[in-house]
Amino acid sequence: MTDTSTSAGTLSLTFTGQGAGTGPLTWAQSVMWGPMQWFGKEASQFNIGRALVLPEPVDPGRLAAVLRHLVATHQTLRTRYVQRADGPRQEVAATGTYDVVVVDDQGDPARVGDELVATLTEAAFDHEAQWPLRVGCARDRAGRISAVALVGSHLAFDGWAFTTLTDVLLDRLTGADPDASPSDGTVRRADRVPQPLAQAAFQQSAAGQQTSAAGLRHWEQGLSAAPASMFDLPTAPTGDQPIERHLLDSTAVTAAATALATRTRTSFSTVLLGLTTLILTAYNGHRTAVFKLIAGNRLDRDSRDLIALNTLDALLVHRVDDDVDLLTAIRNLHRPAFDAYRRAPCDPAGVRQVVERVGRRRGVAFDLSAYFNNGHRGSDWATSDPDPGPDRLAVLRRDSRYSRLEPLSKSDMRFYVAASNLGDGRCRLGLLVDTAYLPGSLGETVIRGIETLLCDAVTGEVRVAEIAGRIGLTPARRGSDWVSTPAGWVRPQAVADLVGEVAGGVPAAALVDPAGDGGVTVYAAASERSPRELHRRVLDALPGRPGVAAPTGYVVCRSAPPAGAGPDAWRDVPVLARGSGRDA
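In this numbering scheme, every chain counts its residues from 1 along its sequence in written order. Predicted model: local features are reported for residues with pLDDT of at least 70 only, side-chain atom pairs are reported and counted for 80 or more only, and whole-chain, interface and lining totals are derived from all residues. Side-chain metrics in this entry use all non-hydrogen atoms of the structure; hydrogen atoms and water are not considered.

Enquirer: Lay out the pattern of salt bridges with the relevant residues and their values.
Expert: The rule for a salt bridge is simple: a side-chain nitrogen of Lys or Arg has to be within 4 Å of a carboxyl oxygen of Asp or Glu. The full count for this structure, using the stated rule, is 34 salt bridges. For D167, the salt bridge is made with R50, and the minimal N-O distance between the two is 3.1 Å. Residue D167 is located in helix 4 (residues 159–174), and its partner R50 is located in strand 4 (residues 48–58); the two are separated by 117 residues in the primary sequence. The shortest N-O distance in the salt bridge between R139 and D104 comes to 3.3 Å. Taken together, the residues span a long stretch of sequence, with R139 in strand 8 (residues 133–139) and D104 in strand 7 (residues 95–104) at a distance of 35 residues. For every residue, the accessible area obtained with a 1.4 Å probe (protein chains only) is divided by the maximum for its type, and the residue is called buried under 20%, exposed over 50%, and partly exposed between those limits. Here R139 falls in the partly exposed class, since its relative accessible area comes to 36%. Within this structure, E356, R360, R536 and D540 form a network of salt bridges that share partners. Strands here are runs of E lasting at least two residues and helices are runs of H or I lasting at least four, both read from the DSSP assignment and numbered beginning at the N terminus.

And the structure:
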């Protein structure tokens, strides 16, 4: 790698690397590709950044040598992601140039480094034209590098990969040999380093497809019993920034969740996931929770050393028992959560097909927009309070810090809880909520409620049925015109309105099965339509309508009853055809 300083405050670094080529996206890249395209310029919210303040300033040539080695070794750093006729692909370059932003450290490399990260994070990546990593550095008065700023695209990095990259960079800048591995002092040959092109090739192989098939069976089984949405609720009006983001930094969460994980013989992640599912179901009135879990699954050396995005969506479908205590509920969740993570590796295209197929079979459009992410690397949540009492927890809670980030105009998530380790025993809980479904102060109630329930469960028994009352959570209110069905909560009149709409704007009415199983039959004055055609049109129109599902039966009538006659009058109208609309 050569370097050339420019008057524009950049250092131009030319690299040469091995393993150039092109291939399909990995499964993880494919999962992220769609949201990146959907968010467009707002995808900058996914950028990952970190400032590294060096214990001792180094010569710019040493930074160039370290960057040269990393870019040459890891394909991700010299990859562009492009849309081609046969779909999106990753294209790895053999040569190229990095432009490193250079600024003066003004005698405060920590502050300037953070400011540089903020600047480099502002814009979304143009993946067809830019490398997925932005690099900047701060120099002291002697021209030495005192801090390095790195910002990566989430299409290329997850938290694990980015932390690995930054740790390796820092180690090589401060160690004796900039080309040595930080773990054992040896150099791994470039052709032995795990690479995303090789990962994509394996995923396309027979062995990879066998792994995928097992994962897809898990999705099919889970979706066959899942509610269509966790947000089949009456919606609230919102402004143009409806997505709220909340943060809680808490040593009490770390201490309490660690204690509960020990008592239940589960894990820190299971404890937090358990609280997350129970709070949301306490709010939305569900007995079954459906969540996407962000799964990293780095279980061997190759996956741990892979500097590339490796996260996939795992499906959790779990029946909630509200007649048990919180610790029992956490224990009950542990195995389903383990199975969800274990079956996460599978082809996202196959997942989309399963979601579509099972949805159409059940007469629903799945809205899988509730997420949980344990973003901590490993399971070593250090705490000086492994079994705190109530007085100690009260002291820890006084140091908790709640804050809110700027709201967003849109998100593909309606509800998202994330945990990360800030060090020094502090856990950062992050919560994203769509205020159309969780309005008012519910976001703060939920994130503070997680801490409250954790601490209460350490010092006494908490029943699942008590959760809403303990944290001041007012459950969502549905009117008497909503009914519970196997697909979740639906509003029969909305179902009738949809059938009338797809039939060409004809009158329609919904009658609920008196047997009480939640079945909804829709009568429609649609003389030119068959039940099968109506059902097909309803299925096509369902996406984006939480609280609406296809009726269990269609009755096609010659005409509507007299105006004002009421829904039951439809039973006396001449019938042309009736049926479920489903294939036999």
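There is more to say after this.
Enquirer: I'd love a proper account of the sheet that holds strand 11 (residues 288–295), names of residues and values included.
Expert: A pair of strands is labelled paired if DSSP reports no fewer than 2 bridges between them. One open sheet holds the seven strands; their spatial order is 12-11-13-15-16-10-14, and the pairing between them is mixed. One side of each edge strand has no neighbouring strand; the edge strands of this open sheet are strand 12 (312–319) and strand 14 (401–408). Strand-to-strand, the axes of this sheet are offset by a mean angle of 20°, without reference to chain direction. As paired elements, strand 13 (residues 370–374) and strand 15 (residues 415–423) share five bridges and run parallel to each other. Paired with F372 across the bridge in strand 15 is V417. Residues count as neighbours in contact if any of their non-hydrogen atoms are within 4.5 Å of one another. The axes are straight lines fitted to the C-alpha atoms, using for helices just the contacting stretch, and the angles between their N-to-C directions are given from 0 to 180°. Where helix 6 (residues 206–223) meets the sheet, its contacts fall on strand 11 and strand 12, and the angle it forms with strand 12 comes to roughly 35°.

Enquirer: Give me the sheet that holds strand 22 (residues 575–579): which residues, what numbers.
Expert: Strand order in the open sheet formed by four strands is 19-20-21-22, and the pairing between neighbours is mixed. A strand with exactly one partner marks an edge of an open sheet, and here the two such strands are strand 19 (508–512) and strand 22. Taking the axes of each pair of neighbouring strands and ignoring which way they run, one obtains an average angle of 15° across the sheet. Across four bridges, strand 21 (residues 553–557) lies against strand 22 in antiparallel orientation. The residue bridging V555 from the neighbouring strand is R578, located in strand 22. Helix 15 (residues 492–502) contacts strand 19, strand 20 (520–524) and strand 21 of the sheet and is inclined by roughly 145° relative to strand 19. Together, strand 21 and strand 22 form the strand contacts of helix 16 (residues 531–541), whose direction differs from that of strand 21 by roughly 120°.

Enquirer: Explain the environment of R448 residue by residue, including any values.
Expert: Along the chain, R448 falls in helix 13 (residues 442–459). In this structure R448 comes out as partly exposed when scored by relative accessible area, which is 35%. Residues contacting R448, with those up to four places away along its chain left out, are L248, R397 and Y402.

Limitation: the analysis is restricted to geometry and does not speak to function.
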